[in-house]
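Spelled out from the first residue to the last, the chains are:
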Amino acid sequence: MRIGELAQAAGTSTRTLRYYEARGLLTARRDHNGHRTYGPEDLRLLRQIRMLQSFGFGLEETRPFVECLRAGNPAGDTCPASLAVYRAKLAELDAVIAELTEVRAVVGERLSRAEAAATPAPGCAFALTPPADPTRSSP
């Protein structure tokens, strides 16, 4: 298939495919007219890259998965390098979750203290009731 067909099948742009090619993640073959051509294995690589990116993986983090597929493995996450990237991403996510949990606790404490005071400071107008939920319709 040509570059436009691959881009459409993968749900991306031809510009993105050229970028992936420049980064060494995608390899185009050339037909007799010099046009880029791709096969079903390239679509498989692209789907792997796009899935990982949707999970928050950076483009370079997808490389071990692509190389694993290129090596003929049935899935991109069956190689040791791919597993190492998974482990690193989990550690990164755990750190972010821990940080957000701490921030949430501080915000919760401050809210509790502010609600307990319940007397607004002079010149401070705020409601003691939560704002209306914009997703709910009025009766």
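Here, the structure is the one placed above.
Residues numbered from 1 in each chain as written. Predicted model: local features only at pLDDT ≥ 70, side-chain atom pairs only at ≥ 80, totals over all residues. Heavy atoms only, no water.

(A) View of the pattern of salt bridges. A full pass over the atoms with the stated rule returns 7 salt bridges. In this structure, the salt-bridge partner of R23 is E60, at a minimum N-O distance of 3.0 Å. Taken together, the residues R23 in the loop between α2 (14-22) and β1 (29-30) and E60 in the loop between α3 (40-54) and α4 (63-70) connect sequence positions 37 residues apart. Taking relative accessible area as the criterion, R23 reaches 33% and is therefore assigned partly exposed. Residue classification places E60 among the partly exposed positions, given a relative accessible area of 40%. For R63, the salt bridge is made with E60, and the minimal N-O distance between the two is 2.5 Å. (Salt bridge = Lys/Arg side-chain N within 4 Å of Asp/Glu carboxyl O. Helix = DSSP H or I, 4+ residues; strand = E, 2+ residues; numbered from the N terminus. Buried < 20%, exposed > 50% of the residue type's maximum accessible area, 1.4 Å probe, protein only.)

(B) Molecular detail of the packing of α4 against helix α5 (residues 80-117). Across the interface, α4 lies against α5 with an axial gap of 8 Å and an inter-helix angle of 155°. The angle between α4 and α5 places the two elements in the roughly antiparallel class. In this structure, α4 crosses over α5, and the sense of that crossing is left-handed. Contacts between α4 and α5 involve P64, F65 and C68 from the former and A81, S82, V85 and Y86 from the latter. For the contact of α4 with α5, the per-class residue count stands at 6 nonpolar, 1 polar and no charged. (Axes fitted to C-alpha atoms, helices over the stretch in contact; angles between N-to-C directions. Parallel < 35°, antiparallel > 145°, perpendicular 65-115°, else oblique. Left-handed = near helix turned anticlockwise from the far one by under 90°. Contact = heavy atoms within 4.5 Å. Nonpolar A, V, L, I, M, F, W, Y, C, P; charged D, E, K, R; others polar.)

(C) Inspection of the nonpolar core at higher detail. L6, L17, Y20, L26 and L46 are the most contacted members of the largest nonpolar core, which totals 17 residues. Setting aside residues up to four positions removed in sequence, Y20 forms contacts with L25, L26, L46, I49, Q53 and L59. (Core = buried A, V, L, I, M, F, W, Y, C linked by side-chain atoms within 4.5 Å.)

Purely geometric numbers; function is a separate question.
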